[in-house]
Amino acid sequence: MKKNKIVARYKDGSILKGQTVDFFPNKSTFHVEPLDGTAVKEMQIEDLKAVFFVKDFEGNREHKKSYTDTVVGGGRKIKITFFDGEEIIGFTLGYSSERQGFIVTPADLKGNNERIYIVKSATKTIEFL
């Protein structure tokens with residue numbers, strides 16, 4: 001199985017970078033192999049704010065977010081505001097108010113995030129644009 005590079009952001013603001021092979025949007029847990037070589041961690045979705053599937057672990061600190069791109073076939077445009085004030089604009093095919101979370105493709109295709117799993121309980125508002 002292909003390992004996905006992820007950055008898991010917890011609701012408390014902490015971050016864990018690593019790789020996973022068993023993340024599924026409809027599961028309540030998954031496992032991460034941390035970059036620092038420590039033991040594999042079982043992650044509880046409800047402890048998290050979001051799971052960022054990234055192109056690389058370094059990113060580009062100079063990149064200015066611009067959520068103006070169009071994602072062909074990406075679904076409905078959506079704006080997510082988290083309780084910590086962060087906002088993300090992207091496209092989703094799988095939002096349902098009944099699920100614990102959903103996948104968003106950011107409307108910033110030049111950014112480091114390929115897709116983001118949004119944990120619904122970490123959001124203040126969700127609106128379709």
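Given the structure is predicted, the values throughout are model-derived calculations rather than measurements.

1. Focus: the layout of surface pockets
Working step 1: What the largest pocket holds in volume is close to 700 Å³.
Working step 2: What lines the largest pocket is a set of 23 residues, and nearest its centre among them are Gly 59, Asn 60, Lys 65, Asn 112 and Asn 113.
Working step 3: Within the residue set of the lining of the largest pocket, elements represented by two or more residues are β1 (4-10), β2 (15-20) and β5 (48-54).
Working step 4: Looking at the lining of the largest pocket residue by residue, the classes come out as eight nonpolar, six polar and nine charged.

2. Section: the environment of Val 32
Working step 1: Take Val 32: it is sitting in strand β3 (residues 29-34).
Working step 2: Residues Val 32 and Leu 16 lie 16 residues apart in sequence; the distance between their C-alpha atoms is 8.6 Å.
Working step 3: Ignoring anything within four residues of it in the chain, the contact list for Val 32 reads Ile 6, Leu 16, Gly 18, Gln 19, Val 40, Lys 41 and Met 43.

3. Examining the pattern of salt bridges
Working step 1: Under the criterion given, the structure shown has seven salt bridges.
Working step 2: Here Asp 84 ties to Lys 49 by a salt bridge, and the two come within 2.6 Å at their closest N and O atoms. Here the residue Asp 84 occupies a position in the loop between β6 (76-82) and β7 (87-92), and Lys 49 occupies one in strand β5, the gap between them amounting to 35 residues.
Working step 3: Residue Asp 84 is classed as exposed on the basis of its relative accessible area of 51%.
Working step 4: Lys 49 serves as the salt-bridge partner of Glu 86, at 2.4 Å between the closest nitrogen and oxygen. Separated by 37 residues along the polypeptide, Glu 86 in the loop between β6 and β7 and Lys 49 in strand β5 bring together distant segments of the chain. The pair Glu 86 / Lys 49 is uniform in exposure class, with both members buried.
Working step 5: A network of salt bridges, in which partner residues are shared, links Arg 9, Lys 49, Lys 65, Asp 84 and Glu 86.

Rules and cut-offs
- Residues numbered from 1 in each chain as written.
- Predicted model: local features only at pLDDT ≥ 70, side-chain atom pairs only at ≥ 80, totals over all residues.
- Heavy atoms only, no water.
- 1 Å grid on protein atoms, 1.4 Å probe; cavity = no way out; pocket = protein on both sides within 12 Å on 5 of 7 lines; lining within 4 Å.
- Points joined across faces, edges and corners; volume = space filled by probe spheres on them.
- Helix = DSSP H or I, 4+ residues; strand = E, 2+ residues; numbered from the N terminus.
- Nonpolar A, V, L, I, M, F, W, Y, C, P; charged D, E, K, R; others polar.
- Contact = heavy atoms within 4.5 Å.
- Salt bridge = Lys/Arg side-chain N within 4 Å of Asp/Glu carboxyl O.
- Buried < 20%, exposed > 50% of the residue type's maximum accessible area, 1.4 Å probe, protein only.

That is the geometry; function is a separate question.
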